[in-house]
Amino acid sequence: MPRPSTAPRRRSYDQYCASARALDAVGDRWTLLIVRELLAGPRRYTDLHADLPGVSTDMLATRLKDMERDGLATRRRLPPPASAYAYELTERGAALLPVLRALAAWGASALDGPRPVDAVRAHWFAIPLLTALEATTGRTGPAGCVEVRLDEGVFHLRTGGGGQAAGYGDGPAPAAPDAALAMDTATCTAVARGELTPAAAIAAGRLTVSGDGPYAAALRAAAAEAGDLVTS
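Since the model is a prediction, treat every value here as computed from it, not as a measurement.

Engineer: Please provide a residue-by-residue account of the pairing of strand β7 (residues 179-183), values included.
Structural biologist: Among the 5 residues that make up β7, 4 are buried, leaving the element largely enclosed by the rest of the structure. Strand direction decides the pairing type here: strand β4 (residues 145-150) and β7, joined by 4 bridges, are parallel. Among the inter-strand pairings, R149 is bridged to a residue of β7, identified as A182. Bridging between β7 and strand β8 (residues 207-210) involves 4 bridges; their strand directions are antiparallel. The residue of β8 that forms the bridge with L181 is V209.

As structure tokens, then:
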């Protein structure tokens, strides 16, 4: 007689509905924020814990196991001399980027200033800024790597122009970026909330662009047009 399984029963809404099935996999607290971190690239457990303030070690370990079970993430050993494991998204997990972009667009209006208890990381602005930049240059505009410098740190974006896949990463660009942006957090928040376009921020001198690539040129052209609209 087969022994009963000791594995915990998977939590489910038990509804034959695509939305319910999706929430079975990503509806638990912290899961989508872990996806947000892993969309920036493979991360060690300690790095994930550092950039997810408030999550307990037990909760993080549990969510990562759930994500491995559901085919959203995998774990691999880093090559020598490192002796740790890194977690990374599977293709199915990476396909959640549009979901995070939609959530960021929906929640941007709530960014009315950080509360005293709020943690802030520079790369948390990557998703709304990616959407704002693509709206400025057009989804069919030049693809490029854009490095962004804020008060809290540096991150980089891979814009989705020209049919290229969009994405982002923590830290400086791995190679010379097609454009480098610098602004303060207040300006980036205004862009994320849709109160200020990147072009208008450049025209107003609140966002500086450096670089000679096509993407930098496209941003400067958009800023020049925005400036003309303001003065006309």
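Engineer: Can you break down the sheet that holds strand β1 (residues 43-44) residue by residue, with the values?
Structural biologist: As summarised here, the arrangement of the 3 strands in space is β1-β3-β2, forming an open sheet in which the pairing is antiparallel. On the outer flanks of this sheet lie β1 and β2 (73-77), each paired with one strand and no other. As defined by bridge partners, β2 adjoins strand β3 (residues 85-89) across 5 bridges and the pair is classed as antiparallel. Pairing of R76 across the sheet is with A86, part of β3. Along the sheet face, helix α2 (residues 31-38) touches β1, β2 and β3 and points at about 100° away from the line of β3. Against the sheet, helix α4 (residues 57-69) contacts β2 and β3, and its axis sits at roughly 105° relative to β2.

Engineer: I'd like a description of the nonpolar core, backed by residues and values.
Structural biologist: Here is a general trend for soluble globular proteins: nonpolar side chains tend to be buried in one another's company. In terms of nonpolar packing, the biggest core is built from 50 residues, with L129, V148, F155 and L157 touching the most fellow members. For this core, the element with the most residues is helix α7 (residues 126-137), which contributes 6 residues. For L157, the residues in contact, after removing those within four places along its chain, are A126, L129, L130, L133, G144, C145, V146, V148, G167 and Y168.

Engineer: Which residues make up helix α6 (residues 97-107), and what values go with them?
Structural biologist: Every buried residue of α6 is listed here: L97, L100 and R101. Relative to the axis of α6, the buried residues are bounded by an arc of 100° and lie together on one face. Those residues of α6 that are exposed and angled more than 90 degrees off the buried face are P98 and W106. Along its buried surface, α6 packs onto α2, α5 (91-94), α7 and β6 (167-170).

Thresholds, definitions, all that
Residues numbered from 1 in each chain as written. Predicted model: local features only at pLDDT ≥ 70, side-chain atom pairs only at ≥ 80, totals over all residues. Heavy atoms only, no water. Buried < 20%, exposed > 50% of the residue type's maximum accessible area, 1.4 Å probe, protein only. Helix = DSSP H or I, 4+ residues; strand = E, 2+ residues; numbered from the N terminus. Pairing = 2+ DSSP bridges. Contact = heavy atoms within 4.5 Å. Axes fitted to C-alpha atoms, helices over the stretch in contact; angles between N-to-C directions. Core = buried A, V, L, I, M, F, W, Y, C linked by side-chain atoms within 4.5 Å. Arc of directions from axis to C-beta.

Functional significance is not addressed by these values, which are geometric in nature.
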